[in-house]
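An overview of the molecular structure
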Amino acid sequence: NQFKNDIDSNLPGYNRFLAHLRYFVIRQLRGERVSEEDMKELYEIAKKKYPKEYECVKVINVYLGEKYNFFYSENERFYLLLHIARILNRN
């Protein structure tokens with residue numbers, strides 16, 4: 001909805017994106033947290049390179065927090081941003 005288009009399920013990164021979402025939800029339901037490797041610098045670069053995708057990550061973050069009380073780390077947001085960028089840029 002954020003980008004006003006459908007995502008082609010035949011894209012190479014589509015299954016990786018779904019796997020990321022699936023394991024994110026599983027971790028949330030189990031109360032698990034991913035290790036907090038320092039991805040801050042890479043995340044800052046990715047936010048600048050993919051501003052629309054970053055805005056989408058923020059919308060997802062707010063939605064999941066309000067609707068399901070799911071909150072995720074900066075590392076999770078970084079990887080989500082990369083998956084969204086990969087799908088939308090068809091890489």
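Residues numbered from 1 in each chain as written. Predicted model: local features only at pLDDT ≥ 70, side-chain atom pairs only at ≥ 80, totals over all residues. Heavy atoms only, no water.

**A short note on helix H3 (residues 51–68)**
Applied cut-off: The helix count covers DSSP runs of H or I at least four residues long, the strand count covers runs of E at least two residues long, and both are numbered beginning at the N terminus. Expected span, for any helix, means 1.5 Å times one less than how many residues it has. Contacts were defined at the residue level, with two residues in contact if any of their heavy atoms lie within 4.5 Å.
Helix length check: H3 (18 residues) gives 25 Å between terminal C-alpha atoms against 26 Å at 1.5 Å per residue, within 8%. Of the surrounding elements, those touching the buried residues of H3 are helix H1 (14–30), helix H2 (40–49) and helix H4 (74–88). Directly after H3, the chain includes Asn-69, whose backbone phi takes a positive value near 60°.

**Section: the packing of aromatic side chains**
For clarity, the cut-off: Only Phe, Tyr and Trp rings are paired, with Trp represented by its six-membered ring, and only when their centres lie within 6.5 Å; those with planes under 30 degrees apart are stacked, over 60 edge-to-face, the remainder tilted. Type-normalised accessible area, obtained with a 1.4 Å probe on protein chains alone, sets the label of each residue: buried when under 20%, exposed when over 50%, and partly exposed for intermediate values.
Taken as a whole and assessed by the stated rule, the structure comprises five aromatic pairs. Taking 6.1 Å as the distance between ring centres and 75° as the angle between the ring planes, the aromatic pair formed by Tyr-43 and Tyr-54 counts as edge-to-face. Of this pair, Tyr-43 sits in helix H2 while Tyr-54 sits in helix H3, and the two are eleven residues apart along the sequence. The two residues Tyr-43 and Tyr-54 agree in class, both being buried. An aromatic cluster of at least three residues, connected via ring pairs, comprises Tyr-43, Tyr-54, Phe-78 and Tyr-79.

**As for the packing of H2 against H3**
Defined as follows: To obtain an axis, a line is fitted to C-alpha atoms, over the contacting stretch when the element is a helix, and the angle between two such axes runs from 0 to 180 degrees between their N-to-C directions. In this scheme, roughly parallel covers angles under 35 degrees and roughly antiparallel covers those over 145, while 65 to 115 is roughly perpendicular and the rest are oblique. Gly is placed with the polar residues, together with every amino acid not listed as nonpolar (Ala, Val, Leu, Ile, Met, Phe, Trp, Tyr, Cys and Pro) or charged (Asp, Glu, Lys and Arg).
The N-to-C vectors of H2 and H3 enclose an angle of 110°; their axes lie 5 Å apart at closest approach. For the element pair H2 / H3, the angle class is roughly perpendicular. Residues Tyr-43, Lys-47, Lys-48 and Lys-49 of H2 lie in contact with H3, whose contacting residues are Pro-51, Tyr-54 and Val-57. Broken down by class, the residue content of the contact of H2 with H3 amounts to four nonpolar, no polar and three charged.

Read these as layout, nothing more, since geometry by itself doesn't imply function.
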